[in-house]
Amino acid sequence: MGTGNLVSLAVIGTIAFDSIKTPFGEERNIIGGSALHFASSASFFTDVGIVAPIGEDFDAKELDFLKERNVDLSGIKVLDGKTFRWAGKYGYDLNLAITLSTELNVLEDFEPHLPETYKYANFIFLANIDPDLQAKVIDQVKNRDAYVALDTMNFWIENKREALLDVIRRVDMIVVNEAELREISMEYNLIKGAKKLISMGPKTIVIKRGEYGVFMVNPDEVFLCPAYPLEEVFDPTGAGDTFAGGLMGYLSNVGTVSYDALKQAVILGCVMASFNVEDFGPKRMKSLTHREIKERYSSFRKCIEFGDLKL
Ligand code: AMP
């Protein structure tokens, strides 16, 4: 399935069947998962390779849209058994996903193997998955200068706290939502919580705040932006991974993690997430074009630009 070329950005995460209920509709067994949402976004900006397991019940054709965008699928392993499944619902607070069920299935015995062509990637994204698997991926990376970012969720914070804290010590960036940051750091205040994580090793903490936007905390700077103002949101599932895909995809594209690049990457992440929530699953990402991305980036910029005070 792979192209044989070195990939610039490697992601490990889940490929899933999701069943989702929002106040605006319901869909069952649609494709999702942290790695899938991430790659569908990052692939607009860079060459990305996925490491994830799928079960025998997963039709590989579902991934054709990623192949068309040159995503390297050679790290996807078909295992005996069923694909990972997640069911969740949202009330009118679309920032709050309520997990109804998590069936690990093939994830339970999955041993991640980075294909040789992924081991020299300059950027690695440890999407939401078992922290033990995230650690095993870091162990295989051969590029000592690789920039590594990590996401997680309450399921892992509560079930694998020590393993998660161990991986956090080994990464450059953490991308989490407010509730996750509070749960990991045990601090209510977001800036205090972020600084606590920075003291453990990562240089940058990116806090996703759903419709309220993003905080990025670095040792000496804090950057904030709102979410792109949309009139209609259908399904927030995958928004976080799509955001991270835009962010990491852009960094990989420009090849630097300067503060200016990080700020632009955060904005582009918000732009990508704003598309993803317009429809269920990755549907909107399939029809998305570079032109639409650029137009929304410009219109977002107008919303948050302001001049010097004339006092
Ligand atoms: P988010 O971007 O945070 O909305 O992530 C949504 C995706 O996370 C869904 O497509 C789910 O399949 C996936 N997911 C849900 N629970 C887990 C879990 N415990 N581990 C890894 N991925 C998960």
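Details of the structure are given in the entry above.
Residues numbered from 1 in each chain as written. Predicted model: local features only at pLDDT ≥ 70, side-chain atom pairs only at ≥ 80, totals over all residues. Heavy atoms only, no water.

Concerning the environment of Met-272
Spelled out, the test is: Helix and strand assignments follow DSSP, with helices taken as H or I runs no shorter than four residues and strands as E runs no shorter than two, numbered in order from the N terminus. For every residue, the accessible area obtained with a 1.4 Å probe (protein chains only) is divided by the maximum for its type, and the residue is called buried under 20%, exposed over 50%, and partly exposed between those limits. Should any heavy atoms of two residues lie within 4.5 Å, those residues are counted as being in contact.
Examined against the element boundaries, Met-272 turns out to sit in helix α9 (residues 259-276). By relative accessible area, which is 0% here, Met-272 ends up buried. Separated by 33 residues in the primary sequence, Met-272 and Ala-239 have C-alpha atoms spaced 8.2 Å apart. Not counting the four nearest positions on each side in its chain, Met-272 is found in contact with Ser-41, Phe-44, Phe-45, Thr-242, Gly-246, Met-285, Leu-288 and Ile-293.

Thoughts on the site of the ligand
The cut-off we apply is this: Put simply, a residue is near a molecule or strand once any heavy atom of it comes within 4 Å of that molecule or strand. In protein, a polar contact means a hydrogen-donor-capable atom and an acceptor-capable atom, both N or O and within 3.5 Å, with residues adjacent in sequence counting only if both atoms are side-chain atoms; elsewhere, any N or O pair within 3.5 Å suffices. Calculation of accessible area relied on Shrake-Rupley with a 1.4 Å probe; when residues are assessed, cover is drawn exclusively from the protein chains displayed.
The full set close to the ligand counts 18 residues, and Asp-18, Gly-33, Asn-128, Gly-238 and Asp-241 are the nearest of them. Between the ligand and Thr-14 there is a distance of 3.1 Å, counted from a nitrogen atom to a side-chain nitrogen or oxygen. Contacts to the ligand include Gly-238, whose backbone N or O atom sits 2.7 Å from an oxygen atom. If the ligand stood free it would expose 510 Å²; the protein chains cover 89% of that surface. For the shell around the ligand, the elements supplying multiple residues, two or more each, are β2 (16-22), β6 (84-89), α4 (154-159) and α8 (239-254). Top element by residues in the shell around the ligand is α8. It accounts for three residues.

Observations concerning the packing of aromatic side chains
The cut-off we apply is this: Centre distance within 6.5 Å is the pairing criterion for rings of Phe, Tyr and Trp, where only the six-membered ring of Trp is used; planes under 30 degrees apart are then read as stacked, over 60 as edge-to-face, and the remainder as tilted.
Within this structure, the stated rule accounts for eight aromatic pairs. A ring pair is formed by Phe-24 and Phe-234, whose centres lie 6.0 Å apart and whose planes are at 80°; its orientation type is edge-to-face. Of the two residues, Phe-24 sits in the loop between β2 and β3 (25-32) while Phe-234 sits in the loop between β13 (222-225) and α8, which places them 210 residues apart along the sequence. The class of Phe-24 is partly exposed, set by a relative accessible area of 41%. On the basis of an interplanar angle of 5° and a centroid distance of 4.4 Å, the ring pair of Phe-38 and Phe-125 is categorised as stacked.

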